[in-house]
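# Structural overview
The residues making up each chain are set out below.
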Amino acid sequence: MKWIAYLANPDRFSRFNRYALPLCVLSAIFLTSIGLGWGLFYAPADYLQGDAARILFIHVPSAWLSLFIYIGVTLSAVIFWVWRHNLADIAAQEMALIGTVFTLISLVTGAIWGKPSWGVYWVWDIRLVSQLLLLMIYLGILMLRQSQTDAAAAARFVAMLALAGLINIFIVKYSVEIWNSQHQGPSVITSEGSKIHASMLWPLMVTAFGFHFIFFSLLLTRMQTQLLNRRWSRLLTPQEKL
Amino acid sequence: MSGDWNYVFLAYSVTLLLLASFILQSFIAYLNAKKRVSEPELEAKEISDHQPSEIKLETIEPDAST
């Protein structure tokens, strides 16, 4: 908790950002280009799915990120609700928007992969429906935050919705194990190790790390933007604001 | 080249389009916010807002009537 309290100060966060942002951007560019280039041109085609399996190098990292970011949104919303750190409120808002984008990417790329592999773009499968529900929850959080002018009240509602939505995260994660799903089961991390051959696992993991750095770069940039906007609006007189 | 590559290109193009436009929007918003806050008038105002107010010391003349 110490580092959260340390970074809760906007000036300290801006100083931290000065070093963290360039590092994240460079890591994102480096890892994503290597991972995607590797996956597209050097990794072998899948023996069953053929070249369509290359779509999974963007679909899987986006799907992981959509879940990871959601947990971040929930934590930030709860932190703001309990401790009233303004930066946590900003983080929750920005993470919800970035999470929406990655959830949309996972759904669109999944549908495009579905056509050559399953013969259809969409099936009413529990994994697909719960991921669609995740997109709806993200949109709900964004709308709820925008609908309230009182930040404290909005944070309370957002935290409650985000906590309720956590149930859906477990459904997304364990749906393929609990129910009879058309979507393939866990294959990257299982109790018996990875089921994927190293020639495909490595580019997947490199891209996944790259995507995470894209997320951190976007988050830091957008949080800094919000801080600057709030500072600007504080400096203006009511007449200037009009 | 198999027909699967069409789907691969479609998926990568959609992702690139979505991500690139979002990254560009974030970057432009950041530059605009930075430019707006660093405008000389606002900076000067911020400095003046943080100046301690001047305390004027006045000598109170004793009232002759008392």
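These notes cover the structure that comes with them. (Residues numbered from 1 in each chain as written. Chains lettered and ligands numbered in written order. Predicted model: local features only at pLDDT ≥ 70, side-chain atom pairs only at ≥ 80, totals over all residues. Heavy atoms only, no water.)

### Overview of the overall build of chain B
The cut-off we apply is this: Note on conventions: DSSP H or I runs of at least 4 residues are helices, E runs of at least 2 residues are strands, and numbering of each starts at the N terminus. Between buried and exposed lies partly exposed: a residue is buried under 20% and exposed over 50% of the maximum accessible area for its type, with that area taken using a 1.4 Å probe on protein chains only. Using a 1.4 Å probe, accessible areas were evaluated by the Shrake-Rupley method; residue-level cover was limited to the displayed protein chains.
Helix and strand counts for chain B stand at two helices and zero strands. When the 66 residues of chain B are sorted by exposure, 21% land in the buried category. Accessible area of chain B: about 5500 Å², with a carbon and sulfur share of 62%.

### Side note on the overall build of chain A
Selection rule: Contacts were defined at the residue level, with two residues in contact if any of their heavy atoms lie within 4.5 Å.
Helix and strand counts for chain A come out as eight helices and zero strands. Each helix and strand of chain A, placed in order from N terminus to C terminus, yields the pattern α-α-α-α-α-α-α-α. Projected onto the principal axes, the alpha-carbon positions of chain A cover approximately 65 × 35 × 35 Å. Going through the 242 residues of chain A one by one, you find that 51% of them count as buried. In chain A, 75% of the contacts between residues at least 6 apart in sequence involve partners at least 24 apart. Just so you have it, chain A exposes about 12500 Å², and 68% of that area is on carbon and sulfur atoms.

### Describing the packing of aromatic side chains
Cut-off, in case you're wondering: Put simply, two rings from Phe, Tyr or Trp (the six-membered ring, in Trp's case) pair if the centres are within 6.5 Å, and we call them stacked under 30 degrees between planes, edge-to-face over 60, tilted for the rest.
Summed over all chains, the structure comprises nine aromatic pairs over all chains. Between the aromatic rings of Phe13(A) and Phe16(A), the centroid separation amounts to 6.5 Å while the plane-to-plane angle is 40 degrees, which identifies the pairing as tilted. Of this pair, Phe13(A) and Phe16(A) both sit in helix 2 (residues 10-42), three residues apart, which is roughly one turn of the helix. Relative accessible area serves as the criterion here: at 38%, Phe16(A) is assigned to the partly exposed category. Relative to Phe9(B), the ring of Trp5(B) has its centre 5.7 Å away and its plane inclined at 40 degrees; by these criteria the two rings are tilted. On the criterion of helical spacing, the pair formed by Trp5(B) and Phe9(B) is a turn pair, its members being four residues apart in helix 1 (residues 4-37).

### Re the interface of chain B and chain A
Test applied: Once two parts are put together, the accessible area they lose, assessed with a 1.4 Å probe and summed over both, is termed the buried area. Take a side-chain nitrogen of Lys or Arg and a carboxyl oxygen of Asp or Glu: if they are within 4 Å of each other, that pair is a salt bridge. N or O atoms closer than or at 3.5 Å make up a polar contact, with two conditions inside protein: a donor-capable atom paired with an acceptor-capable one, and, for residues adjacent in sequence, both atoms drawn from side chains. Amino acid classes used here: Ala, Val, Leu, Ile, Met, Phe, Trp, Tyr, Cys and Pro are nonpolar; Asp, Glu, Lys and Arg are charged; the rest, including Gly, are polar.
Counting residues at the interface gives 26 residues for chain B and 36 residues for chain A. When chain B packs against chain A, the two sides together hide about 2900 Å² of surface, and 75% of this comes from carbon and sulfur. Sorting the residues of chain B by area buried against chain A places Tyr7(B), Tyr12(B) and Phe22(B) first, and these three jointly supply 22% of that buried surface. Seen at the junction of chain B and chain A, the total is zero salt bridges. Counting across the chain B and chain A interface gives five residue pairs in polar contact (both at pLDDT 80 or more). Sorting the residues of the side of chain B that touches chain A by element identifies helix 1 and helix 2 (40-49) of chain B as the ones contributing at least two each. For the side of chain B that touches chain A, the element with the most residues is helix 1 of chain B, which contributes 21 residues. Of the residues that constitute the side of chain B that touches chain A, the class distribution is 16 nonpolar, four polar and six charged.

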